[in-house]
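Notes for the structure review
What follows is each chain in one-letter form.
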Amino acid sequence: MHKCMRIFSLIESQKWFTFDGRQRLCHPLPSVRVGHMWVQIMFKTSGGRRPKKKTYYRVNELDRVMELQKKPSLILRLKSIIQSQKNQCLLLRDLEKEVGFVQKWNFMGIIEKYPSIFRVTGGNRTPPMVMLAEKADKVALEESEARAQMEPILVKTLRKLLMLSVDCMLPLETIQLIENELGLPSDFEQSLVPKYPQFFSVKDVNGRTFLQLENWDSSLAVTAREERLVHEGVLTSKVQARILKDGNYVGPFAFQLRYPAGFRPNVNYLKEVQKWQKMEFPSPYLNARRFELADPKAQKRVVAVLHEFLSLTMEKRLTSGQIDAFHSEFRLPARLLLCLIKHQG
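Below is a short write-up of the structure. (Residues numbered from 1 in each chain as written. Predicted model: local features only at pLDDT ≥ 70, side-chain atom pairs only at ≥ 80, totals over all residues. Heavy atoms only, no water.)

1. Details of the overall build of the chain
- Check the secondary structure of the chain and you find 16 helices and 10 strands.
- When each of the 345 residues of the chain is scored for burial, the buried share is 32%. (Helix = DSSP H or I, 4+ residues; strand = E, 2+ residues; numbered from the N terminus. Buried < 20%, exposed > 50% of the residue type's maximum accessible area, 1.4 Å probe, protein only.)

As structure tokens, then:
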């Protein structure tokens, strides 16, 4: 009993401690009695500091575009499923096998809402099936012709994509994640790659299939940003340009900035942007292993890599998940979303 009382008196006693050269009073922590013993209650504290909150300003126009894209993406997917069938038609009872039980009802709604694109036939003795309407079928044929005309552009895009990676090779499954965004056909590994053995080869590495670049072309190692600057005459101009209030600067190492509507940069932020805009950085087509990520120039190069990567796509946009799939091949930052938030505009 005396021992328990002695423990309790030690807990309840006030103590002084030194912090940053100052004497502070340590208040006793509350305690509760459990059986014949007093147990001290511990509280977790943050030391009075709140973690700094990262603010992300949404671009409402882009949100609306992505919302509007949901229906066309369903239409295009159903069109591809129908075209992949032997008779260019799909039994409605087989739709669930292709898209799953939950998504099936979204596609059924699309079929009902757009009779000018999808035509449903059958009934009574024959099972109902869906096929492309006559007008939609003509448009689909024009699409295949357009892809054939675009083939040189698609080959160039694929070569530049491989040149951005550290080993000039990418997993086929990773490229397939963005094949639509690049404008590639769904079977590009069979229909496109074998036609150009001087540019591409397929290689097996540790059980994974990779697409490898056969030869390096220095004429392709020019970014879309550099092409724009040449077109605008920035690289040849010797006139000293000034940085505008929004951070834009006409210079050989500058990026065009456009902040979201709710973003209000202060004076200190703009000063840092001015320094960043004037900072030199290595080309995104140089091997990333040559640079330390901690180097500010290497960090700016990462922005250039993302900029060039998006420039290779048809609509100049990708989801953060699609970009993150190329994390190791492009040597992107570990916290990619934070990097994107940091460089708003």
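Now that the structure has been shown, we can carry on.
2. Here we look at the sheet that holds strand S5 (residues 89-91)
- Pairing is antiparallel across the open sheet formed by 3 strands, whose spatial order is S5-S7-S6. Bordering the open sheet on either side are S5 and strand S6 (118-123), each of which pairs with just one other strand. Pairwise comparison of adjacent strand axes, ignoring direction, gives a mean angle of 25° for this sheet.
- Relative to strand S7 (residues 126-132), S6 is paired through 5 bridges, and the arrangement is antiparallel. When the sheet's bridge partners are listed, Arg 119 is paired in S7 with Met 131. (Pairing = 2+ DSSP bridges. Axes fitted to C-alpha atoms, helices over the stretch in contact; angles between N-to-C directions.)

3. Things to note about the packing of helix H2 (residues 60-68) against helix H3 (residues 70-84)
- At their nearest, the axes of H2 and H3 sit 4 Å apart, and the two run at 30° to each other. Between H2 and H3, the interaxial angle falls into the category roughly parallel. Residue-level contacts link Met 66, Glu 67 and Leu 68 of H2 to Lys 70, Lys 71 and Pro 72 of H3.
- Considering only residue class, the contact of H2 with H3 consists of 3 nonpolar, no polar and 3 charged. (Parallel < 35°, antiparallel > 145°, perpendicular 65-115°, else oblique. Contact = heavy atoms within 4.5 Å. Nonpolar A, V, L, I, M, F, W, Y, C, P; charged D, E, K, R; others polar.)

4. A look at the sheet that holds strand S8 (residues 169-171)
- Spatially, S8-S10-S9 is the arrangement adopted by the 3 strands of the open sheet, whose pairing is antiparallel. Edge strands, defined here as strands with exactly one partner in the open sheet, are S8 and strand S9 (200-205). On average, adjacent strands in this sheet sit at an angle of 30° to one another, irrespective of strand direction.
- This element, helix H7 (residues 151-164), spans S8, S9 and strand S10 (208-213) of the sheet and lies at about 105° to S10.

5. Let's talk about the packing of helix H6 (residues 134-149) against H7
- Where H6 meets H7, the closest approach of the two axes is 4 Å, and the angle between their N-to-C directions is 60°. When the axis of H6 is compared with that of H7, the two are oblique. Residue-level inspection shows Arg 147, Ala 148 and Gln 149 of H6 in contact with H7, the latter providing Glu 151, Pro 152 and Leu 154.
- Its residues assigned to classes, the contact of H6 with H7 comprises 3 nonpolar, 1 polar and 2 charged.

6. Quick word on the nonpolar core
- One finds Leu 161, Phe 200 and Phe 330 to be the most contacted residues of the largest nonpolar core, which totals 36 residues.
- At the level of secondary structure, the elements contributing two or more residues to this core comprise H7, helix H8 (172-176), S10, helix H13 (296-311) and helix H16 (336-342).
- Per-element accounting of this core gives the leading share, 7 residues, to H7.
- Shared between two domains, this core takes at least three residues from each, and those domains are domain 2 (150-216) and domain 3 (218-340).
- Contact partners of Phe 200, with chain neighbours within four places excluded, come to Val 155, Leu 158, Arg 159, Leu 162, Val 193, Leu 211, Gln 212 and Glu 214.
- Membership of the second largest hydrophobic core comes to 17 residues, among which are Leu 90, Ile 110, Leu 132 and Ala 140. (Core = buried A, V, L, I, M, F, W, Y, C linked by side-chain atoms within 4.5 Å. Domains from an automatic or database assignment.)

7. So, the pattern of salt bridges
- This model, assessed by the stated rule, comprises 11 salt bridges.
- Of the charged contacts in the structure, one is a salt bridge between Glu 96 and Lys 104, with a shortest N-O distance of 3.8 Å.
- A salt bridge links Arg 317 to Glu 315; the nearest nitrogen and oxygen atoms lie 2.8 Å apart.
- Linked by salt bridges that have partners in common, Lys 79, Glu 143 and Arg 147 make up one network. (Salt bridge = Lys/Arg side-chain N within 4 Å of Asp/Glu carboxyl O.)

8. Brief notes about helix H5 (residues 101-113)
- Taking 1.5 Å per residue, 13 residues should reach 18 Å; H5 reaches 19 Å between its end C-alpha atoms and fits that length.
- For H5, every residue scored as buried is listed here: Lys 104, Phe 107, Ile 110 and Ile 111. Buried positions in H5, seen along its axis, are confined to an arc of 120° and lie on one side of it. Opposite the packed face of H5, turned more than 90 degrees from it, sit the exposed residues Val 102 and Glu 112.
- Those residues of H5 that are buried lie in contact with H3, helix H4 (95-99), S6 and S7. (Expected span 1.5 Å × (residues − 1). Arc of directions from axis to C-beta.)

9. Some remarks on the packing of aromatic side chains
- Enumeration according to the criterion identifies 10 aromatic pairs in this entry.
- Judged by centre distance (4.9 Å) and plane angle (65°), the rings of Phe 309 and Phe 326 are edge-to-face. Highlighted residues: Phe 309 in helix H13 and Phe 326 in the loop between helix H14 (320-324) and helix H15 (327-330), separated in sequence by 17 residues. Take Phe 309 and Phe 326: they sit in the same class, and that class is buried. (Phe/Tyr/Trp six-rings, centres within 6.5 Å; stacked < 30°, edge-to-face > 60°.)

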